[in-house]
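Residue strings, one per chain:
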Amino acid sequence: MEVSVNQQNYIVPDDCNVQTLLGDVLQQHLQGLAVAIDKIIIPKSQWETQVLKSGDNIIIIKATQGG
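Just so we're clear, the structure is a prediction, and the values are computed from it rather than from any experiment. (Residues numbered from 1 in each chain as written. Predicted model: local features only at pLDDT ≥ 70, side-chain atom pairs only at ≥ 80, totals over all residues. Heavy atoms only, no water.)

Quick word on the nonpolar core
And then number 1: Counting 16 residues, the largest nonpolar core has L21, L22, V35, L52, I58 and I60 as the members making the most contacts within it.
And then number 2: Put simply, the parts of the chain that give this core at least two residues each are strand 1 (2-5), helix 1 (18-25), strand 3 (33-37) and strand 5 (57-62).
And then number 3: Setting aside residues no more than four positions away along its own chain, L21 makes contact with V5, V12, C16, L26, L52 and I58. (Core = buried A, V, L, I, M, F, W, Y, C linked by side-chain atoms within 4.5 Å. Buried < 20%, exposed > 50% of the residue type's maximum accessible area, 1.4 Å probe, protein only. Helix = DSSP H or I, 4+ residues; strand = E, 2+ residues; numbered from the N terminus. Contact = heavy atoms within 4.5 Å.)

Considering the pairing of strand 1
And then number 1: Pairing analysis gives four bridges linking strand 1 to strand 2 (residues 8-11), with the strands arranged antiparallel. If you follow E2 over to strand 2, its bridge partner there is I11.
And then number 2: With antiparallel pairing between neighbouring strands as the criterion, strand 1 and strand 2 make up a hairpin whose turn holds two residues, including N6 at a positive phi of roughly 50°.
And then number 3: Two elements, strand 1 and strand 5, share two bridges in a ladder whose sense is parallel. In the sheet register, V5 faces strand 5, and the bridge partner there is I58. (Pairing = 2+ DSSP bridges.)

Notes on helix 1
And then number 1: Among the residues of helix 1, those classed as buried are V18, L21 and L22. Across the axial projection of helix 1, the buried residues extend over an arc of 90°, all falling on one side.
And then number 2: Of the surrounding elements, those touching the buried residues of helix 1 are strand 1, strand 3 and strand 5.
And then number 3: Once helix 1 ends, the next one or two residues include Q27, with phi positive near 50°. (Arc of directions from axis to C-beta.)

Read these as layout, nothing more, since geometry by itself doesn't imply function.
Written as structure tokens, this is what we have:
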């Protein structure tokens, strides 16, 4: 199925959850990230159980350090 991540389209498995998307598909470190699906923030505690749907619009925000 196809989902949009930060305005880029990705093909992911039908049973893909947020954690799988971040770690396996996008190869992101899980620390310091925030995720929203269709403008709803998904708590990190739900990443493993939140299954994606075709057409989901996902925004990933990465925390940065600086002053």
